[in-house]
Amino acid sequence: MNRVRLLVFNAALGVLDYRVPPGMSVEPGSIVLAPLGPRQILGIVWEAERLDAKEVPEAKLRPLMEVLPVPPLRAPLRRLIEWTADYYCAPLSAVARMTLSSGAALKGGGTTTEYRLTGAEPARLTPQRAAALDALHGEQATIRELAEIAGVSDGVLRGMVGAGLLEPVVVDIDRPYPRALPDFAEPDLSPDQRAAAEAFVGAVEQGGFAPFLLDGVTGSGKTECYFEAVAAALRAGQQVLVLLPEIALTENFLRRFEARFGVPPVLWHSSLKSTERRRAWRAIASGEAQVVVGARSALFLPYARMGLIVVDEAHETSFKQDDGVRYNARDVAVIRARFEQVPVILASATPALESMQLAEAGIYRRIELPARFGGATLPHIDILDLREEPPERGRWLAPRLVAEMKTRLERGEQSLLFLNRRAYAPLTLCRHCGYRLQCPNCTAWLVEHRLSRRLACHHCGHEVPVPEACPECGTPDCLVACGPGVERIADEVAELLPEARVALVTSDTLNTPEKVAEFVAAAEGKLVDVIIGTQLVTKGYHFPELTLVGVVDADLGLEGGDLRAGERTYQQIAQVAGRAGRGEKPGEVLIQTRHPEAAVIAALAAGDRDAFYSAETESRREAGAPPFGRWAAIIVSSEDEAEARDAARAIGGARPDHPDVAILGPAPAPMALLRGRYRYRLLINARRSAELQKIIGQWLGRFQFPASVRVNIDVDPYSFV
Ligand code: ADP
Ligand code: ZN
């Protein structure tokens, strides 16, 4: 091949042709450096017939500079990149960038210098050095990373190297990972579990695309079952990807994985240190990494020998990415499995309606685990009608719930209170003039964080100290907190059950793997009586002594009223209920609500999942909503209100007239202002048969807006704000 076409990492440049100099050899997927003006750019060699480019005469082609020392991206991954870009109306280069997500890895192997403590303990130390000495126990990393861990400057650490407190260690940047052992600790499976595991193992051994929906009640041992499929892939020398919705869940997963396979898996998430990222990327690309556990970004990595994909808690909405390339990792995982020709398992106790529908249609093979493992029973669910049993004035927990908590406390058992609201109170207002404290950058109220004594916007991060006086009328001491967040519930529990030991579980308190581990250890060691948490506590955890779950406000999730409000509420409450009674003692769930008649709540109380899914399915069918019809949102934004409005109107004015699509808007978005940008939305509702992406492409392709206007396309949107 003398002439090659490159996909380069700049959407504006798109696709460029180059000449391959003599002696250099490339193939589709090769990652190369190429000249562009005086600069060098990174590119991926692509099949020329699959990408359009301006024809450049031979004589004008410039030669490639270098082939990077990493394996070429395989064809199934190149097809996945194309598919994702097409489906989500995203630039190819933006999708491809998710694959090459470790710049350091592309430079190839070699050695690097890390540092660790020498063990010397001088008599006199500056406070900074003493703190570093404490913090760096057992750590080995670069100076930069150690500085971050210890919270001191690089200079302090360099000084410590000079003083003989830290020593350099030359390490291979490709240190191998320990090998996972498929037979390390094989479980005794129940007959149901065995049947499920055999179906998965058979599919792995046979190879080929095979999508499964593993639909098992909470505590049924779904993980144990898919671990058998993981073992089968390991025996065959293949790689496995396990996607989890949140890093907070990986802690528990890691321990179980290690118990089953003898070593931890390879981790991939956004907060990896760059050295860990490089090491993982290279091991994934070489095929050495056997099992990769990660957040959604692990999906686009260049696996050399993919054998199986698992998406755990597959119903979770956090698999949907809401910026950059707006893809849904659950859906793309299935597509990747198809391109790779491997099995994929979507595991959940409360599958997404879309997944249920695909199982109904026979496209996914549904495997059921109808009972909890080891004879544990599903918890009893009871409704607490707040209109009949209201909490005391100024409180949020009804007397019956408090009484149940007290009983648990006396018996030495644990209770969990679920409220999907961080911080102390969602709204602060002035008692005198009614003014509501709002974010200056967003259409959102400021949320009071009493623990840190600040008001914060949960959308843009804007923060201010709680003011002494109303910013509007100036009256001092007149601001009141309205409504509860988990911090406020914690205060209430402290007043009502002063002897109870409380753990607060939110993204504010459990924001590192270490803190998650600490919490899990405390809860398992019975050092906690009451757990109060947001959606973070609804899934994954297994605390045998937890026998009571209280849902503080079941109506909260239904308020927004978007497409998935009912489904999400059902899933959250069913999942959090699933934390109760997982050990020998039975569990009890109390759902506080003002709308016991709402379909979701009634179905939860009756334990009638099928009724919920069929009612929800029918209403979606009638509305032409997913999975029966398709939606896409267009969000137009600018820092200038008039500019955003005009651009949205121009787009709206050019709307295609197509029998298979209906277009709503433009209208100001519910979050009309977000991070300082004014936002307008259009919503497209299309029949399944419509060529939605093509229609959008032709429609928006005509417009050239200034850079200050952003037009984002969200296919299969989850967020309607
Ligand atoms: P799920 O993910 O379906 O909610 P888990 O996989 O978390 O359920 O299993 C619930 C608990 O039961 C876990 O502590 C797990 O280790 C245990 N368990 C499940 N199946 C088995 C088995 N076959 N042998 C031993 N323990 C099991
Ligand atoms: Zn804000």
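Presented here is a report on the structure given in the accompanying data block.

Conventions we followed
- Residues numbered from 1 in each chain as written.
- Chains lettered and ligands numbered in written order.
- Predicted model: local features only at pLDDT ≥ 70, side-chain atom pairs only at ≥ 80, totals over all residues.
- Heavy atoms only, no water.
- Near = heavy atom within 4 Å.
- Polar contact = N/O pair within 3.5 Å; in protein donor to acceptor, adjacent residues only side chain to side chain.
- Areas by Shrake-Rupley, 256 points an atom, 1.4 Å probe, with all protein chains shown as cover.
- Helix = DSSP H or I, 4+ residues; strand = E, 2+ residues; numbered from the N terminus.
- Nonpolar A, V, L, I, M, F, W, Y, C, P; charged D, E, K, R; others polar.
- Core = buried A, V, L, I, M, F, W, Y, C linked by side-chain atoms within 4.5 Å.
- Buried < 20%, exposed > 50% of the residue type's maximum accessible area, 1.4 Å probe, protein only.
- Contact = heavy atoms within 4.5 Å.
- 1 Å grid on protein atoms, 1.4 Å probe; cavity = no way out; pocket = protein on both sides within 12 Å on 5 of 7 lines; lining within 4 Å.
- Points joined across faces, edges and corners; volume = space filled by probe spheres on them.
- Salt bridge = Lys/Arg side-chain N within 4 Å of Asp/Glu carboxyl O.

### Observations concerning the site of ligand 1
With respect to spatial proximity, 15 residues lie near ligand 1, and among them D188, Q193, G219, K222 and R256 are the closest. In this structure, R256 approaches ligand 1 through a side-chain N or O atom, which is 2.7 Å from an oxygen atom. Protein contacts shield 80% of the accessible area of ligand 1, which totals 550 Å² for the unbound molecule. No other element matches helix α7 (residues 222-235), which puts three residues into the shell around ligand 1. Of the residues that constitute the shell around ligand 1, the class distribution is three nonpolar, seven polar and five charged.

### Points about the nonpolar core
Residues F519 and I531 are the most contacted members of the largest nonpolar core, which totals 121 residues. Looking at this core, the element that brings in the most residues is helix α10 (residues 329-340), giving six residues. Residues within four places of F519 in sequence aside, it is in contact with A503, V505, L510, I531, Y541 and F543. Of all hydrophobic cores here, the second largest spans 35 residues; its members include A199, L214, V240 and I367.

### Considerations on empty space enclosed by the protein
Enumeration over the complete set of coordinates arrives at one cavity of 30 Å³ or more. Within this model, the largest cavity holds a volume of roughly 60 Å³. Lining the largest cavity we find H315, T317, R330, A352, E354, R564, E567, R568, Q571 and Y718. Here the lining of the largest cavity takes three residues from helix α15 (residues 565-577), the largest share from any one element. Considering only residue class, the lining of the largest cavity consists of two nonpolar, three polar and five charged.

### Topic: helix α13 (residues 486-496)
Among the residues of α13, those classed as buried are V486, E487, R488, I489, A490, E492 and V493. Looking at the buried positions of α13, the neighbouring elements they touch are α12 (399-411), β16 (414-418), β18 (447-449), β21 (479-482), β22 (502-505) and β23 (530-533).

### Some details on the environment of D382
Relative to the helices and strands, D382 is located in strand β15 (residues 380-385). Sequence separation of D382 and E139 is 243 residues, and the distance between their C-alpha atoms is 49 Å. Among the polar contacts listed, one links the side chain of D382 to the side chain of R400, at a separation of 3.4 Å.

### Notes on the pattern of salt bridges
Scanning all chains against the criterion turns up 46 salt bridges. Of the charged contacts, one joins E354 and R564 as a salt bridge, the two residues approaching to 3.0 Å between their closest N and O atoms. Of this pair, E354 sits in helix α11 (residues 353-360) while R564 sits in the loop between β24 (546-551) and α15; the two residues are 210 residues apart in sequence, bridging distant segments of the chain. Between R366 and E360 there is a salt bridge; the shortest N-O distance is 3.8 Å. With a relative accessible area of 30%, R366 lands in the partly exposed category. Look at E360 and you get exposed, because its relative accessible area is 61%. Here the salt bridges do not stand alone but share partners, grouping E47, R50, R78, R79 and E82 into one network.

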